[in-house]
Amino acid sequence: MHTLKASIIKDLKILVRDRMGLLMMFFMPVLLVIVITSVQNSTFELVNNNKITLLACNRDSGPEGTRLISAIEKIGMFRLLLLDTSIRDNEISVRMHAKDALVAVVIPDDFSASIQQRASDIASRALSDPDSASKEKNRYARQPDSLLMFYHPVMQPSFRQSIKGALHSAVQVIQGEAIAKSLYSAVNSKAIPPELEKDILFGQIPITEIPVSRSGSRVVPNASQHNVPAWTIFAMFFVVVSLGSSVVREKISGSFIRLKTLPSSYLNALVSKQVVYIMVTFLQAAVIFAVGNLLFPHIGLPVLHLPKDIPGLILITLACGWCAASYAICVGVFSETPEQANGFGAISIVILAALGGLLVPSFAMPANMQQLLRVSPLHWGLEAYYALFLEGGKLKDVLTNILSLAIITIGIQLLTLYGLKKKNLI
Amino acid sequence: MSIPAIAIRSLGFSYPRQEGIHFEELNLEVPDGIRFGLLGPNGAGKTTLMKLMTGLLKYKKGSIRLLNHEINDHPKSVNKLFGFVPQDYSFYSELSPRENLAFFGAWYGLSRTEIKKRSEELLEVLGLTDVGDRFLGTFSGGMKRRVNLAIGVMHQPRVLFLDEPTVGVDVQSRHAIIHYLKGLNQLGTTLIYTSHQLEEAEELCEKVALIDDGKIIAHDHLAALLKEHRQDGLEGLFLGLTGKRFRD
């Protein structure tokens, strides 16, 4: 124990005296989390609060085109910029290349005629004999020209789909209104009363959003709840850069040669490094969570709500830290130079982060990748953090994750021992 | 008859998949309590032999016994019997001499009290007391060599291996180191020393072995060797036995 204690003191002193290293270990992760959360928060707000600029060209001379423009405005998702009706498609492309907007919609010149024709066809079919109505299903006089939606290629498919869905709902409002009017006038031989028209069109059953929660709490997930835990794990595993290269430097230095001739086992040095770097990763997490909880509201970012189960949070953080330190030591043992440890370590962490669902949610990955992600310790850490931060989970909900992390860590430790023996280091 | 400090019998060794140094049927004995010089040109095998004697390299053939303990098989606790002062600085330059001595002292298995007492003794005798709390990174070459030596003798070993312990130091530091080593030997520590500083070796060593191309080409008391080969000094003996061909 005396040897281990002396090693821990030595490693702590060396760490504390490396001010640039400390800056890299604490300031950079905080900066990373602030930047990523800010960027993701702006995307959250873009969808939820900010309006998307939409270029709209209404070539329809009838009333339905104008109604469609009004329906799009009522969705509340878009800031409309109306274009001159004479503008050509290629000119719209030019304006979009100039980043005036990422999306544009063109209403064709026969839009009103098509909508009215379609509504009257549907009304007459609805009121005719059921047998003849089914026979007449292909009887529509004309198919309207489609609405044109121009989009910038930088727009992500999921975002494009949500815009397309919004435009579809606006078109459905117009179509529904026309059909309701046609049916009413066909049945009652008079125009539909405005109140009834409003009830038919806008009397939709509301949708109440309820985030799934294990604890029954109703904390609405925000960019901080999503990003801070995820990028904290990434930062913890990024100690591979400092610890991995530190192991290599010690291995190739004169001090290691001396250590090998001393009566104590080199395993003391490895255990010491694990203890010190578990402390470092734990402090990293504590600092980042404190920044999310205390600083974020002051810099315009949503507050990070800490989980109710703090012991659970501490345990999963320690498990992640132990795995991260073990991985870094393993990389250091197998690398011949600090450059190898830095290069391999950094890239492998990005790969493990991608596999672990930090870059793309795991549920969106293909089936074979979903099997592969189980080998990434970042996956188990992330799932556990999400259970605590987003779902209000408790320690019992993340025990499987802790166990999985422990199994991966023991596997890494065995690999490290094999490397040490193979290289005649112990 | 006393147990030799080192007894090498029929040693066979070569680096795997590498050309260069190899030993075949190498025999050497270093009596306990003497100052022994292992000398030879670059690439002769001095450092490799020292690494084999300290357990840093494993041999597959023959035997190396340190105070009657087979080096390949001995438990780690036997490492308390010897000290090693490598040619490269073997300490943490981010720490002070006191902090280095505390760390390595713990690794030698010394108690806290022993570490404190021994550290102060060594800092005093090697002229480092006033700079004992400064970071080693700021030290001169001579001061670093003295710290390197202090760490190697922290646990008062019975056998001390010194691989070029004075390379790159000024006259004052060299004098202090040699003076200290002679005193240590008088207290009973066997010194096994390699160096290219032949004048220094002549001053320090009672017995020498000349090694070249992995073979011991001469091995005796220095005075006997000089007489046998009719040389006035070690340099003449060295050049006479190993030739003037460059070895780097």
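Criteria and thresholds
Residues numbered from 1 in each chain as written. Chains lettered and ligands numbered in written order. Predicted model: local features only at pLDDT ≥ 70, side-chain atom pairs only at ≥ 80, totals over all residues. Heavy atoms only, no water. Domains from an automatic or database assignment. Helix = DSSP H or I, 4+ residues; strand = E, 2+ residues; numbered from the N terminus. Buried < 20%, exposed > 50% of the residue type's maximum accessible area, 1.4 Å probe, protein only. Expected span 1.5 Å × (residues − 1). Contact = heavy atoms within 4.5 Å. Buried area = accessible area lost by both parts, 1.4 Å probe. Salt bridge = Lys/Arg side-chain N within 4 Å of Asp/Glu carboxyl O. Polar contact = N/O pair within 3.5 Å; in protein donor to acceptor, adjacent residues only side chain to side chain. Pairing = 2+ DSSP bridges. Axes fitted to C-alpha atoms, helices over the stretch in contact; angles between N-to-C directions. Phe/Tyr/Trp six-rings, centres within 6.5 Å; stacked < 30°, edge-to-face > 60°. Lys NZ or Arg CZ within 6 Å of the ring centre and 35° of its normal. Core = buried A, V, L, I, M, F, W, Y, C linked by side-chain atoms within 4.5 Å.

J.: Would you take a moment to explain the domain arrangement of chain A for this structure?
T.: How large an interface is tends to be reported as the accessible area lost when its parts come together. As assigned here, chain A comprises domain 1 (2-43 + 214-422) and domain 2 (51-202). When each unit is reduced to the centre of its C-alpha atoms, the spacing between domain 1 of chain A and domain 2 of chain A is 52 Å.

J.: Is there a simple way to think about the environment of Ala223 of chain A in this case?
T.: Residues and elements named next belong to chain A. Mapped onto the elements, Ala223 comes out in helix H9 (residues 223-237). Using a relative accessible area of 0% as the deciding quantity, one classes Ala223 as buried. Note: C-alpha distance between Ala223 and Val303 (80 residues apart in sequence) is 9.1 Å.

J.: Would you take a moment to explain helix H17 (residues 399-422) of chain A for this structure?
T.: Residues lying three or four places apart along an α-helix face the same way, a consequence of the helix completing one turn every 3.6 residues. Residue and element names in this part refer to chain A. Relative to the 34 Å expected for 24 residues at 1.5 Å per residue, H17 spans 34 Å between its end C-alpha atoms, a close match to the ideal helical length. All of the buried residues along H17 are Asn401, Ile402, Ser404, Leu405, Ile408, Thr409, Ile412, Thr416, Gly419 and Leu420. Taken together, the buried residues of H17 touch helix H12 (267-295), helix H13 (310-334) and helix H16 (377-389). Just beyond H17, the residue with positive phi is Asn424, at close to 55°.

J.: Help me out: how do you make sense of the interface of chain B and chain A in this one?
T.: Between chain B and chain A, the contact holds 33 residues from the first and 25 residues from the second. When chain B packs against chain A, close to 2,600 Å² is buried across both sides, 63% of that on carbon and sulfur atoms. The interface formed by chain B and chain A includes 2 salt bridges. When the shortest N-O distance is used, the salt bridge between Lys13 of chain A and Glu99 of chain B registers 3.2 Å. Counting the contacts that link chain B with chain A gives 13 residue pairs in polar contact (both at pLDDT 80 or more). Residue assignment for the side of chain B that touches chain A shows that the elements contributing at least two residues are strand E6 (82-85), helix H2 (97-107), helix H3 (112-125) and helix H4 (141-153) of chain B.

J.: Just to check I follow, could you spell out the sheet that holds strand E3 (residues 35-39) of chain B for this structure?
T.: Remark on secondary structure: sheet strands pair via backbone hydrogen bonds, oriented parallel or antiparallel. Residues and elements named next belong to chain B. One open sheet accounts for 6 strands, arranged E6-E7-E8-E3-E9-E10; its pairing is mixed. Sheet topology places E6 and strand E10 (215-221) at the edges, where each strand pairs with a single neighbour. Each neighbouring strand pair of the sheet contributes to a mean axis angle of 15°, computed without reference to strand direction. By the bridge criterion, 6 bridges tie strand E9 (residues 207-212) to E10 in an arrangement that is antiparallel. The residue bridging Ile211 from the neighbouring strand is Ile216, located in E10. Where helix H8 (residues 234-242) meets the sheet, it contacts E3, E9 and E10, and its direction lies at approximately 30° from that of E9.

J.: Would you explain the packing of aromatic side chains in this entry?
T.: Each pair of aromatic rings is reported with the distance of its centres and the angle of its planes. A complete count under the given rule lists 13 aromatic pairs over all chains for this structure. Relative to Phe104 of chain B, the ring of Phe103 of chain B lies with its centre 5.0 Å away and its plane at 70°, an arrangement referred to as edge-to-face. For Phe103 of chain B, a relative accessible area of 2% puts it in the buried group. Look at Phe104 of chain B and you get buried, because its relative accessible area is 0%. Judged by centre distance (5.7 Å) and plane angle (50°), the rings of Phe103 of chain B and Trp107 of chain B are tilted. Remark: Trp107 of chain B and Phe103 of chain B occur in helix H2; sequence separation between them is 4 residues, near one turn of the helix. Of the two residues examined, Phe103 of chain B and Trp107 of chain B, each falls in the buried class. Clustering of aromatic rings is evident, with ring pairs tying together Tyr92, Phe103, Phe104 and Trp107 of chain B. A cation over an aromatic ring shows up here: Arg160 of chain A above the ring of Tyr151 of chain A, its NZ or CZ 4.3 Å from the ring centre. Here the guanidinium or amino end of Arg258 of chain A rests over the ring plane of Phe104 of chain B, the centre of that ring lying 5.7 Å away.

J.: Whenever I open this one, the nonpolar core confuses me. Can you help?
T.: Soluble globular proteins tend to pack their nonpolar side chains together in the buried interior. If you look at the biggest cluster of nonpolar residues, it comprises 121 residues, and the most contacted ones within it are Tyr277 and Tyr385 of chain A together with Phe104, Leu149 and Leu160 of chain B. Sort the elements by how many residues they give to this core and H13 of chain A lands first, with 13 residues. For Leu160 of chain B, the contacting residues outside a window of four places in its chain are Gly83, Phe84, Val85, Leu149, Gly152, Val153, Leu181, Leu184, Thr189, Thr190, Leu191 and Ile192 of chain B. Listed in part, the 31 residues of the second largest apolar core include Leu11, Leu26, Ile34 and Val159 of chain B.

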